[in-house]
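# Structural overview for review
Residue-level listing of the chains:
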Amino acid sequence: MSLQVPSRLVIASRESRLAMWQAEHVRARLSLLYPQCSVEILGMTTRGDQILDRTLSKVGGKGLFVKELEVAMAEGRADLAVHSLKDVPMELPEGFALAAVLEREDPRDAFVSNDYASLADLPAGAVVGTSSLRRQALIAARYPHLVIKPLRGNLDTRLGKLDRGDYAAIILAAAGLKRLGLPQRIRAVLDPEDSLPAAGQGAMAIEIADRTDGVDMVALLAPLNHVPTAQAVTAERRVSKVFGGSCQVPLAAHATLAGNQMHLRAMVATPDGTRIASAEVHGPATDAAQLGDQVAEKLREQDAVAILASCLAEADGGGT
Ligand SMILES: NCc1[nH]cc(CCC(=O)O)c1CC(=O)O
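Notes on the structure in this doc start here. Here the structure is a predicted model, which means the values were calculated and not measured. Throughout, a residue's number is its position along its own chain's written sequence, starting from 1. Under the rules for a predicted model, residues below a pLDDT of 70 receive no local features and side-chain atom pairs below 80 are neither given nor counted, while totals for whole chains, interfaces and linings still include all residues.

For the rest of this paragraph, the subject is the site of the ligand. What surrounds the ligand is the set Ser84, Lys86, Asp87, Leu172, Ala173, Ala175, Gly176, Gln201 and Gly202. Within the residue set of the shell around the ligand, elements represented by two or more residues are strand 8 (169-173) and helix 7 (174-179). Split by residue class, the shell around the ligand holds 3 nonpolar, 4 polar and 2 charged. Residues from two domains meet in the shell around the ligand; each of domain 1 (8-102 + 203-225) and domain 2 (109-189) gives at least three. The criterion for a residue being near a molecule or strand is a backbone-placed C-beta atom within 6 Å of that molecule or strand. Every helix listed is a DSSP run of H or I at least four residues long, and every strand listed is a run of E at least two residues long, numbered separately from the N terminus. In this count, Pro and Cys sit with the nonpolar residues alongside Ala, Val, Leu, Ile, Met, Phe, Trp and Tyr, while Asp, Glu, Lys and Arg are called charged and the others, Gly among them, polar. For the domain bounds, the source is a domain assignment made automatically or taken from a database.

In structure tokens form, the structure reads like this:
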């Protein structure tokens, strides 16, 4: 059975520099795999890119970055969308699916500053920029003398705000900085022991829509799927899904693999870092989803539901 390769494939992408880098990476790989196919990128602005003055958790969360791309696919203007997996909701709308997960870049958080070498070097009262409730909780727990302020926008915008002096330091995903050729901006990578990464951090995913023309997109994209990464993020996203995961809750889930052996760690916290539940499990990578359920169960035994409920109550009350 031979694969039906269309003469043209269109990749929908956000227009940020990171999103375009990621789309171009996929475009180049597909062009190499299918030289007879013309692979193009359709850049689009999403609501998540437009709303910059409010914390995402207050305006609708992750879905804001993917909706417009899904509309383009549903209308036949695009065949696939490339996303940072971290920004993809745990449940996709009817008719859409993740077809491939690419090999993960560095999943860790990065400490970025022009004046300080690490979080531990920051003086009392220093302002740290992050809009991630997960990063906020982890910093507040370990460094209660620091002040956390929201930081939105794409990577270049965030670095610009740091350079302007609005913050003593900011926390970003190492993966984004590396992909954009800015690894020198990383003053220190945060050990996952101290700053457990978000589910899917550092991984790119390709989303597709149901289609009626018989083209098997999953088969076409299969060579791009990296099985160990797909297994790791399956476990991580399962934890997130169990707790209704979005960026509205401080939740971390990170899996590492040694051969077929998976080590999955997860954490939930209150945004102020005063209450933290964390758990870990080991097991075969082929049981990724069950490992996710197991770690979620362990978190539940440590009152994870109550911890997250307090956080949601705070968000509803419009707390900062
Ligand atoms: N929430 C925004 C976002 N989505 C993906 C990345 C970075 C790249 C990745 O994790 O794959 C970032 C920026 C950041 O968290 O600093």
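Turning our eyes to something else, we now look at the pairing of strand 12 (residues 261-269). Remark: a regular strand shows side chains that alternate across the two faces of the sheet. The buried fraction of strand 12 is high, at 7 of 9 residues. In this description, strands pair whenever DSSP reports at least two bridges between them. Where strand 11 (residues 251-258) meets strand 12, 8 bridges bridge the pair, whose relative direction is antiparallel. Within strand 12, the position partnered with Ala253 by the bridge is Ala266. Between the antiparallel neighbours strand 11 and strand 12 lie 2 residues, among them Gly259 with a positive phi of about 65°. Here strand 12 pairs with strand 13 (residues 276-284) via 9 bridges, running antiparallel. Bridged to Met262 within strand 13 is Gly283. Count of turn residues in the strand 12/strand 13 antiparallel hairpin: 6 residues, of which Gly273 carries a positive phi of about 75°. Exposure classes come from backbone-placed C-beta atoms, where a residue is buried if 20 or more other C-beta atoms lie within 10 Å of its own, exposed if 12 or fewer do, and partly exposed in between.

A separate point is the sheet that holds strand 10 (residues 204-209). One open sheet holds the 5 strands; their spatial order is 2-1-3-10-4, and the pairing between them is mixed. Edge strands, defined here as strands with exactly one partner in the open sheet, are strand 2 (38-44) and strand 4 (96-101). Strand-to-strand twist of the sheet, defined as the mean angle between neighbouring strand axes without regard to direction, takes the value 30°. Judged from the 5 bridges that link them, strand 4 and strand 10 form a sheet pairing that is antiparallel. Across the sheet, Val101 pairs through a bridge with Ala205, a residue of strand 10. Throughout, a residue-residue contact means that the two C-beta atoms, derived from backbone geometry, are no farther apart than 7 Å. Axis definition: a line fit to C-alpha positions, over the contact stretch in the case of helices; interaxial angles, taken between N-to-C directions, run 0 to 180 degrees. Seen against the sheet, helix 1 (residues 17-33) touches strand 1 (8-14), strand 2, strand 3 (80-84) and strand 10 and runs at an angle of roughly 165° to strand 1. Strand contacts of helix 4 (residues 67-74): strand 1, strand 2, strand 3, strand 4 and strand 10, with the helix running at about 135° to strand 2, the strand carrying the most contacts.

On to the environment of Ser132, then. Tracing the chain through its elements places Ser132 in the loop between strand 6 (127-129) and helix 5 (133-142). Residues Ser132 and Ile186, 54 residues apart in the sequence, show an inter-C-alpha distance of 18 Å.

What follows concerns the sheet that holds strand 5 (residues 109-112). Pairing within the open sheet is mixed, and its 5 strands lie in the order 7-6-8-5-9. The sheet is open, and its two edges are formed by strand 7 (147-149) and strand 9 (188-189), each paired on a single side. Where strand 6 and strand 8 come together, 2 bridges link them in parallel fashion. Residue Val128 lies in a different strand from strand 8, and its bridge partner there is Ala169. Running at roughly 165° to strand 8, helix 6 (residues 155-163) makes contact with strand 5, strand 6 and strand 8 of the sheet.

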